[in-house]
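Survey of secondary and tertiary structure
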Amino acid sequence: MNGQVGLKTAVKVAVFWFGFLMLHFLYDWLPILPVALFSGVSEAVFQHAKIAFYVYLLVSLVETLIFAKKTSNKQRFILPRLLAALIVPWLMILIWYLAPAIYGKPMPSEALEIVYANLAVAALGFCAVTLEGAFSQIEFKRGQVVVILVLLVISILHFTVFTFTMPWADIFTPPVY
């Protein structure tokens, strides 16, 4: 994001990490319906992906409210942030499952699990912010804007519906018909 309007990479990663921690535990502290929509309601990977998605959107919204007036092309400011938010859940899965893929078994201690999880969230934030910077170089066409917005709506639908009803098809297990 060098030379661009917006939060510095380290600041945005730190705010993302802090926001992730807050939303991770918010439902434990305040178990009500509105909080369940944005916070994790279990330790499922999908719930963590939901947290990452909403935190990245929230950080980007705050960033937009602060910095968008300083840019002449609002679309070129907002769309890269929306696109980064869309890929954050999938980047999270790639990063988080790195240890299980290499180590092949659960972490040997809860403390190591917590350290790994925090490092994974920080790495996730760094990857997302770095890609967002690259996305800001794109001059999005109308069709690309439509795709981003439709995928944003689909993501919100998935995160909302699957908070309350698990899908019949899991990612790692064969579907049950």
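To keep things clear, this report deals only with the structure shown in the data block. (Residues numbered from 1 in each chain as written. Predicted model: local features only at pLDDT ≥ 70, side-chain atom pairs only at ≥ 80, totals over all residues. Heavy atoms only, no water.)

Focus: the nonpolar core
Membership of the largest hydrophobic core comes to 38 residues, with the highest contact counts inside it found for Phe16, Phe53, Tyr56 and Leu124. Those elements that provide at least two residues to this core are α1 (9-29), α3 (45-67), α4 (74-96), α6 (110-135) and α7 (142-164). Looking at which element gives the most residues to this core, the answer is α4, with 11 residues. The contact partners of Leu124, leaving out residues within four places of it in the chain, are Phe16, Ala52, Val88, Leu91, Met92 and Ile95. (Core = buried A, V, L, I, M, F, W, Y, C linked by side-chain atoms within 4.5 Å. Buried < 20%, exposed > 50% of the residue type's maximum accessible area, 1.4 Å probe, protein only. Helix = DSSP H or I, 4+ residues; strand = E, 2+ residues; numbered from the N terminus. Contact = heavy atoms within 4.5 Å.)

Remarks on the side chain of Glu63
Position of Glu63 among the secondary structure elements: in helix α3. A polar contact of 2.8 Å, which involves the side chain of Glu63, links it to the backbone nitrogen of Leu7. (Polar contact = N/O pair within 3.5 Å; in protein donor to acceptor, adjacent residues only side chain to side chain.)

Things to note about the packing of α3 against α6
Interaxial distance between α3 and α6 falls to 12 Å at its minimum, and their mutual angle equals 50 degrees. On the basis of their axis angle, the class for α3 and α6 is oblique. The handedness of the crossing between α3 and α6 is right-handed. In contact with Ala52, Tyr56, Ser60 and Glu63 of α3, α6 contributes Leu124, Ala128, Val129 and Glu132. Here the residues of the contact of α3 with α6 are counted per class, giving 5 nonpolar, 1 polar and 2 charged. (Axes fitted to C-alpha atoms, helices over the stretch in contact; angles between N-to-C directions. Parallel < 35°, antiparallel > 145°, perpendicular 65-115°, else oblique. Left-handed = near helix turned anticlockwise from the far one by under 90°. Nonpolar A, V, L, I, M, F, W, Y, C, P; charged D, E, K, R; others polar.)

Brief notes about the packing of aromatic side chains
Per the counting criterion, the structure on display carries 10 aromatic pairs. An angle of 50 degrees between the planes, with centres 6.3 Å apart, marks the rings of Phe16 and Phe20 as tilted. With Phe16 and Phe20 both in helix α1, this residue pair falls 4 residues apart, about one helical turn. The exposure classification of Phe16 matches that of Phe20, with both residues buried. Residues Phe38 and Tyr54 carry aromatic rings whose centres are separated by 4.9 Å and whose planes lie at 80 degrees to one another, so their mutual orientation is edge-to-face. Of the two residues, Phe38 is situated in helix α2 (residues 33-38) and Tyr54 in helix α3; the sequence distance between them amounts to 16 residues. For Tyr54, a relative accessible area of 9% gives the class buried. Cluster of aromatic residues (ring-pair linked, three or more members): Phe38, Phe46, Phe53, Tyr54, Phe159 and Phe162. One cation-aromatic arrangement involves Arg81 over Phe77; the distance from NZ or CZ to the ring centre is 3.6 Å. (Phe/Tyr/Trp six-rings, centres within 6.5 Å; stacked < 30°, edge-to-face > 60°. Lys NZ or Arg CZ within 6 Å of the ring centre and 35° of its normal.)

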